[in-house]
Amino acid sequence: MARESIKNKVTITEIAREAGVSVPTVSRVVNGRSDVSPETRARVEDLLRHHGYRRKPSAPGDRAALIDLVFNDLDSPWAVEIIRGVEEVAHAAGVGTVVSAIHGASGSARQWMTNLRARASDGVILVTSVLEPRLHEELRRLGVPLVVVDPAGSPALDVPTVGATNWAGGMAATEHLLGLGHRRIGFIAGPPRLLCSRARLDGYRAALEGAGVGVDDGLIVPGDFYHAAGFEGCNTLLDLAEPPTALFAASDQMALGAIEALRRRGLRVPEDMSVVGFDDLPEVRWSAPPLTTVRQPLADMGKLATRTVLRLALGEEPASPRVELATELVLRSSTAPRTA
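These notes cover the structure that comes with them. Keep in mind that what you see is a predicted model, and the values were worked out from it rather than measured. (Residues numbered from 1 in each chain as written. Predicted model: local features only at pLDDT ≥ 70, side-chain atom pairs only at ≥ 80, totals over all residues. Heavy atoms only, no water.)

1. Here's the deal with the sheet that holds strand 11 (residues 322-325)
Definition in use: Strand pairing requires that DSSP identify at least two bridges connecting the strands. By definition, any uninterrupted DSSP run of H or I lasting at least four residues is a helix, any uninterrupted run of E lasting at least two residues is a strand, and each is numbered from the N terminus. Where helices are involved, their axes are fitted lines through C-alpha atoms of the stretch in contact, as for all axes, and angles between N-to-C directions lie from 0 to 180°. Whether two residues are in contact is decided by their heavy atoms: any pair within 4.5 Å suffices.
The strand order 2-1-3-4-5-11 describes an open sheet built from six strands, whose pairing is parallel. The open sheet terminates on both sides in strands that have one partner only, identified here as strand 2 (96-101) and strand 11. When the angles between neighbouring strand axes are averaged without regard to direction, this sheet yields 20 degrees. Two elements, strand 5 (residues 161-164) and strand 11, share four bridges in a ladder whose sense is parallel. By the bridge assignment, Thr 161 is partnered in strand 11 with Arg 322. The strands touched by helix 4 (residues 77-92) are strand 1 (66-71), strand 2, strand 3 (124-127) and strand 4 (146-149); relative to strand 1, the strand with the most contacts, the crossing angle is about 170 degrees. With respect to the sheet, helix 11 (residues 298-313) is in contact with strand 1, strand 3, strand 4, strand 5 and strand 11, its orientation differing from that of strand 4 by roughly 165 degrees.

Below, the structure is given as structure tokens:
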């Protein structure tokens, strides 16, 4: 992708003249440098906002063009899939990628923002994280475009988002189990703060209601997308007076944790319980048994988010401000017709 110049309403020279400062001073403000007095910075930033000036991507020979890819945590295989998609597009565009984890802590987020200002990033891709309003405003002030993948909450209207059809995926997984004759279907949920988690749960509920099967809240247990939550959630369901005959976990990792809980109790998948996951991580096709799951195009989500943030960095509008890529039910050996 050619590195084009952004067409700003005014030039840095005109901003410098209006602010009564030198052109290098305005350039330092635009690039987030710290060697500018607070009073001068505030005056220049006010003018940049007033004139709608957008920072230019780095020019060849100036500094390496960079985008920041920010996760809440990096200890999940699905993060690797998103990174793979981001890297593919960024590499083809000659753009470097800085990967960070902010761990949901405000102090960590502030340190990340300090580092971002120092390296003058051309854009940010934020994944399933909540960015404090103050930090979001700082990105806007610096003219750094932002794209959110799988937003944790409702993002600002001016922030493009990329996600998957989580509601449809939750419904498809549950309808598959209903079609196999299962009526007591357990659900291990994801973190309720995430929109994708709530959508998968809503899809599960909609499928049950559509089939005339009442939603039993006792069959819904909390989770956090990780193996241990799937293990614990499955044990909770197995301890019920009438355990479910099938289980839908809101992530592949929780599905694998549930399968381990079943194995330790001497129960077989799918003979004693059918299990469905969500994500289609590479490892689940090699699990025992291979996992039926809902594929969400994680790498494609990363690719689209990168293309979008690069368009924004060039001063272009995104093709669409809200995009949901299609999910797909992938049938393997972990589900079977109800036998009892």
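Next comes the rest of the write-up.
2. Section: the sheet that holds strand 7 (residues 220-221)
If you walk across this open sheet you meet the six strands as 7-6-8-9-10-12, and the pairing is mixed. On the outer flanks of this sheet lie strand 7 and strand 12 (328-330), each paired with one strand and no other. Bridge count for strand 10 (residues 292-295) against strand 12 is three bridges, and the pairing is antiparallel. By the bridge assignment for strand 12, Thr 293 is matched with Val 330. Across the sheet, helix 7 (residues 166-179) is in contact with strand 6 (185-188), strand 8 (246-249), strand 9 (274-279), strand 10 and strand 12; its angle to strand 9 comes to roughly 165 degrees. Helix 10 (residues 252-264) rests against strand 6, strand 8, strand 9 and strand 10 of the sheet, and its axis sits at about 155 degrees to strand 9.

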